[in-house]
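These are the residues of each chain, in order.
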Amino acid sequence: DGIYPVVKRTHGGFYQKYQTKFNHKFAIQVADVPGFQDILIHIGNSRKDTRGCLLVAYGANFVAPNYEGVNSTGAYLELYNRIAAALDASEKVTVEMRRGNGQ
């Protein structure tokens, strides 16, 4: 559990992919999480789309035995634009993470 800074990442596969696909200036990274590194926020609608990164969506549907995100790309693009504007204005951006019960 904790509150962690969101920073601009300008290297790696997601950065290169999203720079090409969306003309993004950076990938969204969650930094300073004890015991973890390279945590990104990116597009994905199911568990197969992540290896521990954060996925965003406008909602979720339960498809036994998992949840599937709804319109992850749209949600990501909206979030990216908000984060980019805040960071460009030298605002502090954070994400709060809490361990849940897996449901």
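Residue indices begin from 1 for each chain and proceed along its sequence in written order. With pLDDT at 70 or above as the cut-off, local features in this predicted model cover only qualifying residues; side-chain atom pairs require 80 or more to be listed or tallied, and sums for whole chains, interfaces and linings still use all residues. To get the side-chain values, take all heavy atoms of the structure and skip hydrogens and water.

Student: How should the packing of aromatic side chains be read in this particular structure?
Tutor: Each aromatic pair joins two rings of Phe, Tyr and Trp (for Trp, the six-membered one) with centres within 6.5 Å, and gets the label stacked for planes under 30 degrees apart, edge-to-face for over 60, and tilted for any other angle. Tallying each qualifying case throughout the model produces seven aromatic pairs. Ring centres 5.2 Å apart and planes at 65 degrees place the aromatic pair phenylalanine 62 and tyrosine 67 in the edge-to-face group. For phenylalanine 62, a relative accessible area of 53% corresponds to the exposed category. Through pairs of rings, three or more aromatic residues link up here, namely Phe14, Tyr18, Phe22, Phe26, Tyr76 and Tyr80. Residue burial is assigned from relative accessible area. The probe radius is 1.4 Å, only protein chains are included, and a residue is buried under 20% of its type maximum, exposed over 50%, and partly exposed in between.

Student: Teacher, can you tell me more about the sheet that holds strand β1 (residues 2-9) here?
Tutor: Strand pairing within a sheet occurs via backbone hydrogen bonds; the two strands may be parallel or antiparallel. The sheet built from five strands is open, its strands ordered β4-β3-β2-β1-β7 with mixed pairing. On the outer flanks of this sheet lie β4 (54-55) and β7 (94-97), each paired with one strand and no other. We call two strands paired when DSSP finds no fewer than two bridges between them. Secondary structure elements are taken from DSSP: a helix is a run of H or I of four residues or more, a strand is a run of E of two residues or more, and numbering for both begins at the N terminus. Relative to strand β3 (residues 39-42), strand β2 (residues 27-30) runs antiparallel, the two sharing three bridges. Paired with isoleucine 28 across the strands is isoleucine 41, a residue of β3. Pairs of residues are marked as contacts when any of their non-hydrogen atoms sit within 4.5 Å. Note on method: axes are straight lines fitted to C-alpha atoms, helices fitted across the in-contact stretch only, with angles between N-to-C directions ranging 0 to 180 degrees. Docked against the sheet, helix α2 (residues 72-88) engages β1, β2 and β3, running at close to 85 degrees with respect to β1.

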